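Working through the structure, step by step
Here is how the chains run, residue by residue.
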Amino acid sequence: MVCKRASTSSLGYVYRALIYLQSKQYLTLHTIDDVHPTDIFSLAPTKTAILSASGSSSIHIHSTTAQDFPLQQTIPGAHKLGIHHLVTNNEGNKAASSGFEGEAKIWGVNQDSGEWGELGSLKGEYKGTEIWAIALSADGSYLASTSIDGKISVWDLNAEGMPKIREYETKGSYGMSVDLSADGRFTASGHESGSIYIFDNDSGRMSHSLASLIKPVRAVSFSPASKLLAAAGDARVIALYDVLSGEQVANLSGHGAWILSLDWSDTGEYLLSGSYDSKAKIWSVDTRSCVATHSHGDKPLWAAKWLPKTTRSEMFALGGGSKAISFYREAAG
Amino acid sequence: MSSSPLHDMLFGFPSSQEFLDEEWEYGSEEDDTDMLDCQAPDDTTSPWILQSSPKLYPSDDELLLTNSIGQSVATNETKDKSSASGQTTRNHDGVIDRIESILTDVVDALIEDRDQLSITLRTRSGTSGRKFDAANGIVPTASAFKTRKITFPGNTPQEAWRFTVLVRILEFVHSALIENVIITKRDIYYRHPDLFVKQSVVDRYVDDLACTLGVPRASLHVTAAAKGLVAGNFSIRRLDGTIVNGLSDREGLLVPKLMDDDVLNLSEVKWILIIEKEATFRSVLSSLHWPDIGSFGLVLTAKGYPDLASRTFLRRVVGTSPHIPLCGLVDYDPDGIAIMSTYKHGSYALAHENVTIGGTSTGERPLNLPQLRWLGVKSDQIHQNRDMDCGTCKDTNIGTQASMKLTARDRKKARQMLSWQIFAEQGPESEWRHELQLMLMLNVKAEIQILEERPGGTSGWLKEQLGEVGSQHGFEMNNKSVSPATGVSWL
């Protein structure tokens, strides 16, 4: 299928054609309007549904398998002051959310009813350790969190009482982003100062302090094979680092505004990024180039997530200040 | 009565630096609370009043009694204008009686050689338990009091100190009431700075005392020195024939104290603008646009969190002409929004004043300003700056130099504010909630000065914005002319 937007000049056609050669086409599949009464701050997909969180207190769960993406469940009052982070595990049966009050909650799917319910909650033990960013390990057994004082914690969600099992000290700069590698070995954190760290969860030590982005790092994300770490933020570039060596291997530039979110496709071939100026970009990791750009209204794009690969073609979802969730799929052929 | 020279002395006093430091800031208020409460046992759950301690809370019957006495007193004292607005004098004798009974009790205890002297205070508790009254758009005190017994010699040196401070303040207040003069909180502090250590201690105990006695602070004959500045095309005609003109001083006037008989002329005022910062207030007044702006409006700054004098003045202005649009220009940070909230919904720290001033019986409303509109600075205005800059300035995303990251205190404050009832999900200020959340998400704040980066600067921007406000107002006026009654009714 062809892009419907007409180009105004013939030069534009030539240019478009050239881009077409190396670009991928994604089509808007569906948009759910007014999912939340205020900015959608986070999206977390499972194989059959997408969970969304916003400045309101509830989590909404929409089916992604039915034609019109119907609302399946609402969890009211999940975090009274609003929710800023929401993540799921690979299996799609566990989720975690963190709210403006500084706590994290763990959610699980009831095997009989298929409904989500609360499993427990986590919070910092004293002032300044309120939880901000969170990440779940692929199997959902561990949760990593950041706090305003720069400490990075790892919690064991399967153990009784969900204890904190690791606490990593950094230089005290506010931890804005965090991720756990799929194999559970590494924790990465991005900080207000621009610092990015990788910690080894086995040894409990910092394994690398990566080349700083100088400006706030709003997203860090491990590739599915845990070989690469992508980091981005106000520097408007996406930096790729080799996890084992700690070397920076690439810089992807093209965003014109702060980058707010990063997500790897299941195969690790593509990176999806969302920015403050409501642009989503898809990057080929092989060629280190941007292969598609989409606009999602004119408000900040807080969340851009691939949906787990099913039999259907590749899909992703965008959500942000527009309060809507839009689904895109790769154009066939 | 020699009241007006007194007032000139109190309120016409040139603003000196020491007054600027004065008054309650939310942040320091909390810190003080921590400091003062650190030694105090948690007595919120046990509001005991021992027999040896004087009874400080009037029961309902006593309140009635006080009121009826108060009214008869008021007729005797109609000439007495030295306290706030007439009705605040009604408790005059009742207050003196109660203070005397506290002091007498202390003296009795001394004579009887009791082991401990004690005074029980009803203090304003933390803001957590305070409820926001959605119907009236204000923060009342309701059940948010806690009691605290202050004993001498007490278990710790702090307790003995607290007792001394309290007795000393009672003494000052008592003499002010007896001599029928008004003193400022600053006065009290300077009469014994070694004892009080800092101004906020006096502020706190005076307010607690007012809270305990269930009267507005003005009834104790204690006021804050006026710290607000006001300017614009308005005038006040005093009973003695003097006229205060809001445009007379290019530097602005100290917020005047309005007597009941003063006539406020607001016929030229198309809008009222509250500015958080004195610096911005001054830059607007000294700008080339001021003759243009000033001739259509009234500008006021209370230099941060508003004092009661500024709030009372605004309340009176709005009471005189409820149809005039009221706008606020504050920093884009948690304090800016909290300041706006104090103007609009009343103070969390001084919630007892919100309900006691004016009282319900007199028909006057408390000090909140429900019609206050947020003019700026908001997140999208910072972003407009960005859009303008995009062509030339590739370096930043939001604003330029004037945007800053939030400090740990800012984040804490924003988080606390989100838990206030005003900011609740279904609460009255969903826009504020949203902006606070955005601040936390982006970790960005900006000062009013960010508007200076626009062509025309802050005052150019204001002229544009207020022009719109004024014309909307004109439109509303046309509509309202159909039913003039709505123009004067309370909003």
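Residues numbered from 1 in each chain as written. Chains lettered and ligands numbered in written order. Predicted model: local features only at pLDDT ≥ 70, side-chain atom pairs only at ≥ 80, totals over all residues. Heavy atoms only, no water.

By the element assignment, H323 of chain B lies in the loop between α12 (308-320) and β12 (326-329). Along the backbone, H323 of chain B and W271 of chain B are 52 residues apart, and their C-alpha atoms lie at a distance of 9.2 Å. (Helix = DSSP H or I, 4+ residues; strand = E, 2+ residues; numbered from the N terminus.)

Across soluble globular proteins, you tend to see nonpolar side chains buried next to one another. All names here are of chain B. Grouped together as the largest cluster of nonpolar side chains are 93 residues, with contacts concentrated most on F234, I272, L273, L298, F313, Y343 and L462. If sequence neighbours within four positions are ignored, F234 has contacts with V244, N245, G246, L253, L264, N265, L266, V269, L298 and F313. Grouped together as the second largest cluster of nonpolar side chains are 35 residues, I169, L170, V173 and F196 included. (Core = buried A, V, L, I, M, F, W, Y, C linked by side-chain atoms within 4.5 Å. Buried < 20%, exposed > 50% of the residue type's maximum accessible area, 1.4 Å probe, protein only. Contact = heavy atoms within 4.5 Å.)

The next subject is the side chain of T170 of chain A. Locating T170 of chain A in the fold gives a position in the loop between β13 (164-168) and β14 (175-180). Here G150 of chain A takes part through its backbone oxygen, which lies 2.7 Å from a polar atom of the side chain of T170 of chain A. (Polar contact = N/O pair within 3.5 Å; in protein donor to acceptor, adjacent residues only side chain to side chain.)

A few words now on the packing of helix α13 (residues 334-345) of chain B against helix α17 (residues 430-442) of chain B. Residue and element names in this part refer to chain B. Packing of α13 against α17 brings their axes to within 11 Å, and their N-to-C directions diverge by 165°. Regarding the angle of α13 to α17, the classification is roughly antiparallel. Judged by the sense of rotation from one axis to the other, the crossing of α13 with α17 is left-handed. The segment α13 lies against α17, with P334, I337, M340, S341, K344 and H345 engaging W432, E435, L436 and M439. (Axes fitted to C-alpha atoms, helices over the stretch in contact; angles between N-to-C directions. Parallel < 35°, antiparallel > 145°, perpendicular 65-115°, else oblique. Left-handed = near helix turned anticlockwise from the far one by under 90°.)

Residue and element names in this part refer to chain B. All chains considered together, the criterion is met by 30 salt bridges over all chains. Of the charged contacts, one joins E171 and R168 as a salt bridge, the two residues approaching to 3.1 Å between their closest N and O atoms. One end of the pair, E171, and the other, R168, are both in helix α6 (residues 157-179), three residues apart, so they sit about a helical turn from each other. Between E429 and K344 there is a salt bridge, and its shortest N-O distance comes to 2.9 Å. Taken together, the positions of E429 in the loop between α16 (408-418) and α17 and K344 in helix α13 put the pair 85 residues apart, joining distant regions of the chain. Of the two residues, E429 and K344, both sit in the buried class. (Salt bridge = Lys/Arg side-chain N within 4 Å of Asp/Glu carboxyl O.)

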